[in-house]
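Descriptive structure summary
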Amino acid sequence: ADWLHVDVMDGHFVPNLTIGAPVVKCLREVTDLPLDCHLMISEPLRYVPDFLEAGADTITFHVEAESDVGETIAAIKAGGARAGLAIKPNTEVEAALPYLDQLDMVLVMTVEPGFGGQSYMDMSAKLRRLVEARGERALDLQVDGGLNPETVKHAAEAGANVIVAGSAVFKAPDSTAAIRALREGAAGARAS
């Protein structure tokens, strides 16, 4: 893998409860891979300093969260990390568009956040709209949810260049082969 995607859930914004900044700090101590922290929490601005201190390279939070979007982006950038903004499947892509100039990445959720193992939902229209709105600016388009060697082709064709895969990797008998299959699927889709 090129990055480690760390799902952080607070049991409020999404029903599940997972890890926090202390675990991210422990991960930082054992890897040089970029840590991409996806904050599925109600108050991301409140916790940005903790994740910066823990060693997050990218902090992505949801446009639907309670914190002011502009202030949260500014705090992430001021701390030296990359800023990402996530949108849920039922959120219109227009919610992210006013912030594109301030962002390093937009995460398009292809499942409802909070639970692994869900089926991929087609968000290609959102991805294509983001590609159009991005223009020539450097902005990663990340997809997360239900990605496997088949669905990754669909996401990559629509413009995604950062792929998050959980179950497809962790439940595979050979995680290295699973990652290779995801890479090949995405590369093949982009080449066509």
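Above: the structure in question.
Per the counting criterion, the structure on display carries zero aromatic pairs. One cation-aromatic arrangement involves lysine 88 over phenylalanine 13; the distance from NZ or CZ to the ring centre is 4.5 Å.

Before going further, it helps to examine the sheet that holds strand 4 (residues 82–87). Ordered in space as 1-2-3-4-5-6-7, the seven strands form an open sheet in which the pairing is parallel. The sheet terminates laterally at strand 1 (4–9) and strand 7 (162–164), the two strands that pair on one side only. Averaged over neighbouring strand pairs, the angle between their axes works out to 20° when direction is ignored. Here strand 2 (residues 35–40) pairs with strand 3 (residues 58–62) via four bridges, running parallel. Bridged to histidine 38 within strand 3 is threonine 60. Lying on the sheet, helix 4 (residues 124–134) is in contact with strand 4, strand 5 (105–109) and strand 6 (140–144); it crosses strand 6 at an angle near 170°.

Let's shift gears to the pairing of strand 6. Working note: regular strand, side chains alternate between the two faces of the sheet. The element strand 6 is extensively covered by neighbouring structure, given that five of its five residues are classed as buried. Neither face of strand 6 is open: one carries Asp140, Gln142 and Asp144, the other Leu141 and Val143, and all of them are buried. Summarising the sheet, strand 5 and strand 6 pair through five bridges and their orientation is parallel. When the sheet's bridge partners are listed, methionine 105 is paired in strand 6 with aspartate 140. Assessed by its sense of winding, the connection that carries the chain from strand 5 through helix 4 to strand 6 is right-handed. The pairing of strand 6 with strand 7 spans three bridges and is classified as parallel. Across the sheet, residue glutamine 142 finds its bridge partner in strand 7, namely valine 162. This β-α-β element, strand 6 to helix 5 (residues 151–158) to strand 7, shows right-handed connectivity.

On to the side chain of serine 67. Relative to the helices and strands, serine 67 is located in the loop between strand 3 and helix 3 (69–78). Residue classification places serine 67 among the buried residues on the basis of a relative accessible area of 12%. There is a polar contact of 3.1 Å between the side chain of serine 67 and the backbone nitrogen of leucine 45. Excluding residues within four positions of it along the chain, serine 67 makes contact with Ser42, Glu43, Pro44, Leu45 and Thr72.

Time to look at the packing of helix 2 (residues 44–54) against helix 3. The N-to-C vectors of helix 2 and helix 3 enclose an angle of 10°; their axes lie 9 Å apart at closest approach. Our classification of the angle between helix 2 and helix 3 gives roughly parallel. Across the interface between the two elements, Pro44, Leu45, Val48 and Leu52 of helix 2 pack against Glu71, Thr72, Ala75 and Ile76 of helix 3. In terms of residue class, the contact of helix 2 with helix 3 is built from six nonpolar, one polar and one charged.

Right, let's talk about the nonpolar core for a bit. One finds Phe51, Leu103, Val106, Val108 and Leu130 to be the most contacted residues of the largest nonpolar core, which totals 46 residues. Looking at this core, the element that brings in the most residues is helix 5, giving four residues. Residues contacting leucine 103, with those up to four places away along its chain left out, are Ile73, Ala83, Gly84, Leu85 and Leu139. Phe13, Val14, Met40 and Ala65 belong to the second-largest nonpolar core, a separate cluster that totals five residues.

Here methionine 109 lies in strand 5. Methionine 109 gets classed as buried once you look at its relative accessible area, which sits at 3%. With sequence-adjacent residues up to four places away left out, methionine 109 is seen in contact with His38, His62, Ile87, Lys88, Pro89, Met123 and Asp144.

Scoring rules and cut-offs
- Residues numbered from 1 in each chain as written.
- Predicted model: local features only at pLDDT ≥ 70, side-chain atom pairs only at ≥ 80, totals over all residues.
- Heavy atoms only, no water.
- Phe/Tyr/Trp six-rings, centres within 6.5 Å; stacked < 30°, edge-to-face > 60°.
- Lys NZ or Arg CZ within 6 Å of the ring centre and 35° of its normal.
- Pairing = 2+ DSSP bridges.
- Helix = DSSP H or I, 4+ residues; strand = E, 2+ residues; numbered from the N terminus.
- Axes fitted to C-alpha atoms, helices over the stretch in contact; angles between N-to-C directions.
- Contact = heavy atoms within 4.5 Å.
- Buried < 20%, exposed > 50% of the residue type's maximum accessible area, 1.4 Å probe, protein only.
- Right-handed = clockwise from strand over helix to strand, strands pointing away.
- Polar contact = N/O pair within 3.5 Å; in protein donor to acceptor, adjacent residues only side chain to side chain.
- Parallel < 35°, antiparallel > 145°, perpendicular 65-115°, else oblique.
- Nonpolar A, V, L, I, M, F, W, Y, C, P; charged D, E, K, R; others polar.
- Core = buried A, V, L, I, M, F, W, Y, C linked by side-chain atoms within 4.5 Å.

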